[in-house]
Amino acid sequence: MDKTLLIVKPDATERNLIGHVIGRLEKAGFRVVQMRMQTLSESQAREFYAVHEGKPFLDDLVAFMISGLVVPMVLEKDNAVEDLRTLIGATNPANAACGTVRQEIALDVQRNSVHGSDSNENAAKEIAFFFS
Ligand code: IDP
Ligand code: MG
């Protein structure tokens, strides 16, 4: 079974939407196989988003990701990576398709409620980052 990583971001934990997100995932056929609640340190957030080094939004993104609780979880499903990206929708909720999690609950392009790994290679790295 394929695995991917989802993080419920601080804007969603702050609005009591953890259960809502998990419900959407389970209804779509994902199985939660590992999960934790934590706050990220600045260095952890920078390491996690190292791929975005040099992007203009990185400092704000790191500040946002350390501003509250996050819930990283490992999800199992056939075709998990691609199916999760489809379920969560486009990065900017203004562009996210109807019925996607981000279209439904995200606040803006930064506070977009959930992270989902974007490839099998990154899913493996991101799962190891949180659950090694
Ligand atoms: P993704 O989460 O859909 O994979 P990425 O391009 O990998 O999107 O960006 C990582 C995160 O950085 C986004 O989920 C969002 O929180 C934030 N972000 C991306 N682009 C922008 C932007 O243009 N302005 C502000 N924040 C952004
Ligand atoms: Mg990404």
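Look above for the structure.
All chains use their own residue numbering, which begins from 1 and follows the written sequence. Chains and ligands are labelled sequentially in the order written, the chains with letters from A and the ligands with numbers from 1. For a predicted model such as this one, the threshold for reporting local features is a pLDDT of at least 70, and the threshold for listing and counting side-chain atom pairs is 80 or more; totals across whole chains, interfaces and linings nevertheless cover every residue. Excluded from the side-chain calculation are hydrogens and water; included are all heavy atoms of the structure.

## Quick word on the overall build of the protein
- Counting its secondary structure elements, the protein contains seven helices and four strands.
- Each helix is a run of DSSP H or I of at least 4 residues and each strand a run of E of at least 2, with the numbering of both proceeding from the N terminus. Ordered by position from N to C terminus, the α and β elements of the protein give β-α-α-β-α-α-β-α-α-β-α.
- As defined in this context, the radius of gyration uses C-alpha atoms, and a globule is described by 2.2 Å times the residue total to the power 0.38. Against the compact-globule benchmark of 14 Å for 132 residues, the protein has a radius of gyration of 14 Å, which places it among compact chains.
- Along the first, second and third principal axes, the C-alpha atoms of the protein reach 35 × 35 × 25 Å.
- Only protein chains enter the accessibility calculation, which uses a 1.4 Å probe; a residue whose area is less than 20% of its type maximum is buried, one above 50% is exposed, and one in between is partly exposed. Counting all 132 residues of the protein, 45% fall into the buried class.
- Two residues qualify as a contact provided that any one of their heavy atoms is within 4.5 Å of a heavy atom in the partner residue. For the protein, contacts bridging at least 24 residues in sequence account for 76% of all contacts bridging at least 6.

## Overview of the site of ligand 1
- Being near a molecule or strand, for a residue, means having at least one of its heavy atoms within 4 Å of it. Inspection of the region around ligand 1 gives K9, Y49, H52, F57, L61, R85, T91, R102, V109, Q110 and N112 as its neighbouring residues.
- Within the side chain of H52, one N or O atom sits 2.9 Å away from an oxygen atom of ligand 1.
- Any N or O atom pair separated by 3.5 Å or less is treated as a polar contact, with the protein-specific requirement of one donor-capable and one acceptor-capable atom, and with residues adjacent in sequence counted only for side-chain atom pairs. Taking R102, its side chain carries an N or O atom lying 3.1 Å from an oxygen atom of ligand 1.
- Each accessible area value is a Shrake-Rupley result obtained with a 1.4 Å probe; residue values ignore everything except the protein chains displayed when judging cover. In the complex, 77% of the free accessible area of ligand 1, which totals 530 Å², lies under the protein chains.
- Two kinds of site are reported from a 1 Å grid over the protein atoms alone, namely cavities, where a 1.4 Å probe fits but cannot get out, and pockets, open sets with protein on both sides within 12 Å along at least five of seven lines, and residues are called lining when an atom falls within 4 Å of a point. The rule for placing a molecule in a cavity or pocket is simple: more than half of its atoms must lie within 2 Å of the grid points. Using a 2 Å cut-off from the grid points, one finds that ligand 1 occupies the largest pocket.
- Here the residues of the shell around ligand 1 sort into four nonpolar, four polar and three charged. The classification used treats Ala, Val, Leu, Ile, Met, Phe, Trp, Tyr, Cys and Pro as nonpolar, Asp, Glu, Lys and Arg as charged, and all other residues, Gly among them, as polar.

## A closer look at the layout of surface pockets
- Grid points are joined across faces, edges and corners, and a volume is the space filled by probe spheres set on the points. Of the volumes computed, that of the largest pocket is approximately 620 Å³.
- Considering the residues around the largest pocket, the lining is formed by 24 residues, among which Y49, V51, H52, L61 and H115 are closest to the centre.
- It is helix α7 (residues 120–131) that provides the largest number of residues to the lining of the largest pocket, a total of four residues.
- When its residues are assigned to classes, the lining of the largest pocket shows eight nonpolar, eight polar and eight charged.

## Notes on the pattern of salt bridges
- By definition, a salt bridge exists where a carboxyl oxygen of Asp or Glu is found within 4 Å of a side-chain nitrogen of Lys or Arg. Tallied over the entire structure, the rule returns eight salt bridges.
- For R24, the salt bridge is made with E104, and the minimal N-O distance between the two is 2.5 Å. Linking R24 in helix α2 (residues 18–27) with E104 in helix α6 (residues 101–105), this pair joins segments that are 80 residues apart in sequence.
- Salt-bridge contacts for R46 lead to E42; the nearest nitrogen and oxygen are separated by 3.2 Å. Here R46 and its partner E42 are both found in helix α3 (residues 42–48), four residues apart, which amounts to about one turn of the helix.
- For E42, a relative accessible area of 43% gives the class partly exposed.
- Via salt bridges that share partners, E42, R46 and D59 belong to a single interconnected network.

Purely geometric stuff here, so don't read any function into it on its own.
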